[in-house]
Amino acid sequence: MAFEDRGVGLAALGAVFIADAESAIPTGGVKQFDVGTATVGEGSTGQWTNIGHLSAETLPEFNLEGGDATTRATWSNPQFRTTYDQVTGTVTLNSVQGDRQTLSLFFNGKIDTDGGVAFSLQKSEQKKALFILWKDSNTNERFAVYLPNTSLSFNSLPTLSNDNFVEYQVQGNILTSSSLPKDDNGRATGVKIYDAEAFDDSE
């Protein structure tokens, strides 16, 4: 593996794009996604929409649970094989965009006739695809995580502050995707990561 300076970046700026679950990357590739882009794609390939301003204090966070290793022995080899427990993954987003469109998305709510957003505290999933982009403002290199199939639900009520912007939190359970290739072991995948080079060379 070559040792080079490229690909070392800060997540100084970022944006999250959302689309219907299993939406593919639009024709033209990932280079169409940038921090200030409002929408990407249209028509039969689906449209990706920038969900607006996210918190600079609480960046998107990925979390994995499970995956504990177990070493299994044979009579002649005490360390013959290692197996791993099932792993589940989540992504948490914190928006500071408190408009009714964002609130209805995050809380799976209904915009009422008076402009308010009503929602139930009983969570119900929303199947969505996410494209989480970050950018180094010094090098202008972009990176991204593509999650074609997530189950979104709100994670808390608004977090109030008089020092920082009010935050609205949503969490997505990362699911396997039929639109991504299987790995070399034949297992379904659910995450794709793009490096800086992909934003230069994608067609």
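For the structure itself, look to the data block above.
Rules used throughout
Residues numbered from 1 in each chain as written. Predicted model: local features only at pLDDT ≥ 70, side-chain atom pairs only at ≥ 80, totals over all residues. Heavy atoms only, no water. Salt bridge = Lys/Arg side-chain N within 4 Å of Asp/Glu carboxyl O. Helix = DSSP H or I, 4+ residues; strand = E, 2+ residues; numbered from the N terminus. Buried < 20%, exposed > 50% of the residue type's maximum accessible area, 1.4 Å probe, protein only. Core = buried A, V, L, I, M, F, W, Y, C linked by side-chain atoms within 4.5 Å. Contact = heavy atoms within 4.5 Å. Pairing = 2+ DSSP bridges. Phe/Tyr/Trp six-rings, centres within 6.5 Å; stacked < 30°, edge-to-face > 60°. Lys NZ or Arg CZ within 6 Å of the ring centre and 35° of its normal.

Caption draft 1: Fine view of the pattern of salt bridges. Taken as a whole, this structure holds four salt bridges when the rule is applied. The salt bridge partner of Asp-34 is Arg-142, with a shortest N-O separation of 4.0 Å. One end of the pair, Asp-34, is in the loop between strand E1 (13-20) and strand E2 (39-40); the other, Arg-142, is in strand E11 (residues 142-154), with 108 residues separating them in the sequence. On the accessibility criterion, Asp-34 (23% relative accessible area) is partly exposed. The partner of Asp-183 in a salt bridge is Arg-187, with the nearest N and O atoms 3.1 Å apart. Connected through salt bridges with shared partners, the residues Asp-34, Lys-135 and Arg-142 form a single ionic network.

Caption draft 2: Focus on the nonpolar core. Of all hydrophobic cores here, the largest spans 18 residues; its most connected members are Val-16, Ile-51, Leu-93, Phe-106, Leu-130 and Ile-132. If you list the elements that add at least two residues to this core, you get E1, strand E7 (87-95), helix H1 (100-106), strand E10 (126-135), E11 and strand E12 (168-174). It is E11 that contributes the most residues to this core, four residues altogether. Setting aside anything within four residues of it in sequence, one finds Leu-130 in contact with Val-16, Phe-17, Ile-18, Trp-48, Val-91, Leu-93, Val-145, Tyr-146, Leu-147, Thr-150 and Leu-152. Within the second largest apolar cluster, 17 residues are counted, among which are Ala-15, Ile-25, Val-30 and Tyr-146.

Caption draft 3: Region of interest: the pairing of E1. Bridge count between E1 and E10: eight bridges; the pairing is antiparallel. Paired with Gly-14 across the bridge in E10 is Trp-134. Here E1 runs beside strand E3 (residues 48-50); their pairing, made up of two bridges, is antiparallel. Bridging across to E3, Ile-18 finds its partner in Thr-49.

Caption draft 4: Examining the packing of aromatic side chains more closely. A complete count under the given rule lists 10 aromatic pairs for this structure. A ring pair is formed by Phe-33 and Phe-131, whose centres lie 4.0 Å apart and whose planes are at 25 degrees; its orientation type is stacked. Highlighted residues: Phe-33 in the loop between E1 and E2 and Phe-131 in strand E10, separated in sequence by 98 residues. Judged on exposure class, the residue Phe-33 and its partner Phe-131 are both buried. Site record: aromatic cluster; members linked through ring pairs are Phe-17, Phe-33, Trp-48, Phe-131, Tyr-146 and Tyr-194. The ring of Phe-154 has Lys-123 sitting right over it, with the charged end atom 5.6 Å from the ring centre.

Honestly, it's all geometry; don't read function into it.
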